Amino acid sequence: MPARTKRPAAVVLEGLGGYVPAGTVTNLDLEGRLETSDAWIRSRTGIHSRRFAAPGEATSDMAAEAASRALASAGYPEIDLVILATTTPDHPCPATAPAVASRLGLGPVAAFDLAAVCSGFVYALAQANAAVLSGQHRRVLVIGADTFSAIVNPLDRNTAIIFGDGAGAVVVGAGEEGQPGQLSAFDLHSDGSCTDLIRVAAGGSRMPVNAETSDADRYFSMQGKEVFVQAVTAMAESSRSVLQESGWQHGDVDWLIAHQANQRILNQVAGLLGIDPRKAVIHLDRVGNTSAASIPLALADHAPRFETGDKLLLTAFGGGTTWGAGTLTWPPIAVADPQQAVNERTKPWPTPQPS
Ligand code: COA
């Protein structure tokens, strides 16, 4: 760990990258194996297709690709902490973040996984902000990456229609008060009495996987209707809190980047906040719900529309339950298209530079 540095005045976004795997699964593809229809999925969720990782492609592979793009966007600065938000680590043990850091050639940096399901990226960004503001770390690579195709039951129409795979990453570091890219306010919450709403029952210490474990226990499950209601209320409340702390009115928000769960959820959150739904960015139509990756992927997908200084409101809700929100302004950075294929990458992964 680096020596504690002077506490900076602010933390700013310095780079952003996203990656979605090549395999596309359309609603029509799902019609073949589930009792569902393209029309139902589009009208109830807004999703047209999603991306699935290739066989053998794990969370660390997607995380490293998104992170390398974020590092390129930031100009390959020195990183001293990696936080990887994920529900689908490569293995239950150890954490996946150290493997990603090594793969990127970042040296012996601090690296850990953070588990807050679909709120993971907002949680991780808040921790990175605090780590830099405290002077403990100078620059943090924050990644949200998930491979839900590995835990969703392909025959469960409640979940198989919604989730996809992907990764997104940002670099944040010390900056000046008022600098474009500044992270302003964060608000995080949880309610453990609702653990059963979203879960994978088996595979932990409560229910280790053994010969008696059923498929239903091994797969991801979700009580969609209840999650829908709680997600709308929680994201709206948390958003109000960060708007107030940032001194922003709802009319000041240029872009609402809410967790890409369901188009109807996004519309309702925007409506409760009094934000024009056209300011709510939509990426789920092409990639589905990518859990911890959804916010950075939505940011990377829509980056060409943002202007320096635009006010962005981020908010998410996920299993746990967990939820939160954050505000930032948009920095003058170049961001690659997350749909760019791996072999189109222009630069190799960077080698660490001595500080
Ligand atoms: N295809 C076709 N019909 C389906 C279906 C599917 N995939 N899933 C459910 N249905 C049917 C149901 O059987 C029910 O039929 P009925 O009225 O004859 O009984 C009807 O559609 C309505 O079911 P319901 O479960 O009420 O659907 P819904 O409108 O709540 O949509 C979700 C289901 C999962 C899309 C929705 O609840 C949702 O998006 N929830 C939030 C999920 C989420 O955001 N999760 C991540 C947060 S971290």
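Scroll up for the structure.
Structure report, in brief. The structure presented is a predicted model; accordingly, all values stated were derived computationally and were not measured.

The rules behind the values
Throughout this document, residue positions are counted from 1 along each chain, in the order its sequence is written. Only residues with pLDDT of at least 70 get local features here, since the model is predicted, and only at 80 or more are side-chain atom pairs given and counted; chain-wide, interface and lining totals rely on the full set of residues. To get the side-chain values, take all heavy atoms of the structure and skip hydrogens and water. In this text, near means that some heavy atom of the residue lies within 4 Å of the molecule or strand in question. Identification of polar contacts relies on pairs of N or O atoms within 3.5 Å, with a donor-acceptor requirement for protein atoms, meaning one able to donate a hydrogen and the other able to accept it, and with residues adjacent in sequence counted only if both atoms are side-chain atoms. Helix and strand definitions follow DSSP, with helices as H or I runs of at least four residues and strands as E runs of at least two, each counted in order from the N terminus. Charged means Asp, Glu, Lys or Arg here, nonpolar means Ala, Val, Leu, Ile, Met, Phe, Trp, Tyr, Cys or Pro, and polar covers whatever is left, Gly included. Relative accessibility under 20% of the residue-type maximum defines a buried residue, over 50% an exposed one, and the middle range a partly exposed one, all with a 1.4 Å probe and only protein chains included. Should any heavy atoms of two residues lie within 4.5 Å, those residues are considered in contact. Note on pairing: DSSP must find at least two bridges between two strands before they are called paired. Note that the arc is defined by the directions from the helix axis to the C-beta atoms. Axis lines are fitted through C-alpha atoms, for helices just across the contact stretch, and the angle between N-to-C directions can take any value from 0 to 180 degrees. Working rule for angles: under 35 degrees goes down as roughly parallel, over 145 as roughly antiparallel, 65 to 115 as roughly perpendicular, anything else as oblique. When the near helix sits turned anticlockwise from the far one by under a right angle, the crossing is termed left-handed; a clockwise turn instead gives a right-handed crossing. Think of a salt bridge as a Lys or Arg side-chain nitrogen and an Asp or Glu carboxyl oxygen that are within 4 Å of each other. Residues belong to a common nonpolar core when they are buried Ala, Val, Leu, Ile, Met, Phe, Trp, Tyr or Cys residues joined through side-chain atoms within 4.5 Å. Residue ranges for the domains trace back to a domain assignment, done automatically or taken from a database.

A few points about the site of the ligand
Here comes step 1: Around the ligand sit 24 residues, and of these Thr36, Arg44, Arg157, Lys225 and Asn262 come closest.
Here comes step 2: Contact between the ligand and Arg157: an oxygen atom at 2.8 Å from a side-chain N or O atom of the residue.
Here comes step 3: Here Asn262 contributes a side-chain N or O atom positioned 2.7 Å from an oxygen atom of the ligand.
Here comes step 4: Of all the secondary structure elements, the ones that give two or more residues to the shell around the ligand are helix 2 (38-45), helix 7 (224-246), helix 8 (263-273) and strand 12 (311-318).
Here comes step 5: A per-element tally of the shell around the ligand places helix 7 first, with four residues.
Here comes step 6: Considered class by class, the residues forming the shell around the ligand number eleven nonpolar, eight polar and five charged.

Re unusual backbone geometry
Here comes step 1: Each neighbour pair has its own omega, and for Cys93 with Pro94 the value is 0°, a cis peptide bond.
Here comes step 2: Position of Pro94 relative to the elements: it lies in the loop between strand 4 (81-85) and helix 4 (97-103).
Here comes step 3: A positive phi angle, close to 50°, is found at Val117, a residue other than glycine.
Here comes step 4: Relative to the assigned elements, Val117 resides in the loop between strand 5 (110-114) and helix 5 (120-133).
Here comes step 5: For Ser291, which is not a glycine, the phi torsion comes out positive at approximately 55°.
Here comes step 6: Here Ser291 is to be found in the loop between helix 9 (284-287) and helix 10 (294-302).

Notes on helix 10
Here comes step 1: Counting buried residues in helix 10 gives nine out of nine residues, a clear majority hidden from the surface.
Here comes step 2: Residues of helix 10 that are buried: Ser294, Ile295, Pro296, Leu297, Ala298, Leu299, Ala300, Asp301 and His302.
Here comes step 3: Buried-residue contacts for helix 10 involve strand 1 (10-19), helix 5, strand 7 (165-175), strand 11 (255-258), helix 9 and strand 12.

Considerations on the pairing of strand 7
Here comes step 1: The buried fraction of strand 7 amounts to ten of the eleven residues, a majority that puts the element mostly inside the structure.
Here comes step 2: Where strand 6 (residues 139-147) lies against strand 7, nine bridges are found, and the strand directions are antiparallel. Of the residues in strand 7, the one forming a bridge with Val142 is Val170.

Quick notes on helix 2
Here comes step 1: Every buried residue of helix 2 is accounted for by Asp38, Ile41 and Thr45. End-on, the buried residues of helix 2 take up no more than an arc of 75°, which puts them together on one face.
Here comes step 2: Against the buried residues of helix 2 lie helix 1 (27-31), strand 3 (49-52), helix 8 and helix 9.
Here comes step 3: Downstream of helix 2 by a residue or two, Gly46 has a phi angle that is positive, lying close to 85°.

A word on the packing of helix 7 against helix 8
If you want to describe how two helices pack, look at the angle between their axes and the distance between the axes.
Here comes step 1: Helix 8 packs onto helix 7 with a crossing angle of 40° between their chain directions and a minimal axis gap of 9 Å. One way to sum up the angle between helix 7 and helix 8 is to call them oblique. Here helix 7 and helix 8 pass one another in a crossing that is right-handed. Facing helix 7, whose interface residues are Phe228, Ala231, Val232, Met235, Ala236, Ser239 and Arg240, helix 8 presents Arg264, Ile265, Gln268, Val269, Leu272 and Leu273.
Here comes step 2: Considering only residue class, the contact of helix 7 with helix 8 consists of nine nonpolar, two polar and two charged.

Section: the pattern of salt bridges
Here comes step 1: By the definition in use, this model includes nine salt bridges.
Here comes step 2: Residue Arg199 is joined to Asp196 by a salt bridge in which the shortest nitrogen-to-oxygen separation is 3.5 Å.
Here comes step 3: With relative accessibility at 37%, the residue Arg199 sits in the partly exposed group.
Here comes step 4: Between Arg286 and Asp285 there is a salt bridge, and its shortest N-O distance comes to 3.2 Å.
Here comes step 5: Judged by its relative accessible area of 31%, Arg286 is partly exposed.
Here comes step 6: The buried category is assigned to Asp285, whose relative accessible area is 18%.
Here comes step 7: Salt bridges sharing common partners tie together Asp285, Arg286 and Asp301.

Things to note about the nonpolar core
Here comes step 1: If you look at the biggest cluster of nonpolar residues, it comprises 47 residues, and the most contacted ones within it are Phe220, Ile265 and Leu313.
Here comes step 2: Contributions of two or more residues to this core are made by strand 10 (220-222), helix 7, strand 11, helix 8, strand 12 and strand 13 (322-329).
Here comes step 3: The element best represented in this core is helix 7, accounting for nine residues.
Here comes step 4: Here this core spans two domains, and each of domain 1 (10-180) and domain 2 (183-329) adds at least three residues to it.
Here comes step 5: Phe220 has contacts with Phe148, Ile151, Val152, Asp156, Thr159, Phe163, Ile198, Arg199 and Val200, leaving out every residue within four places of it along the chain.
Here comes step 6: Judged by nonpolar contacts, the second largest core, of 38 residues, contains Ile83, Val122, Val170 and Trp255.

Concerning the sheet that holds strand 11
Here comes step 1: Judged by pairing direction, the sheet is mixed, and its four strands sit side by side in the order 8-13-12-11 without closing on themselves. Of all strands in the sheet, those with a lone pairing partner are strand 8 (183-190) and strand 11, marking the two edges. Pairwise comparison of adjacent strand axes, ignoring direction, gives a mean angle of 10° for this sheet.
Here comes step 2: Relative to strand 12, strand 11 runs parallel, the two sharing four bridges. Within strand 12, the position partnered with Ile257 by the bridge is Leu314.
Here comes step 3: Lying over the sheet, helix 7 contacts strand 8, strand 11, strand 12 and strand 13, oriented at roughly 145° with respect to strand 12.

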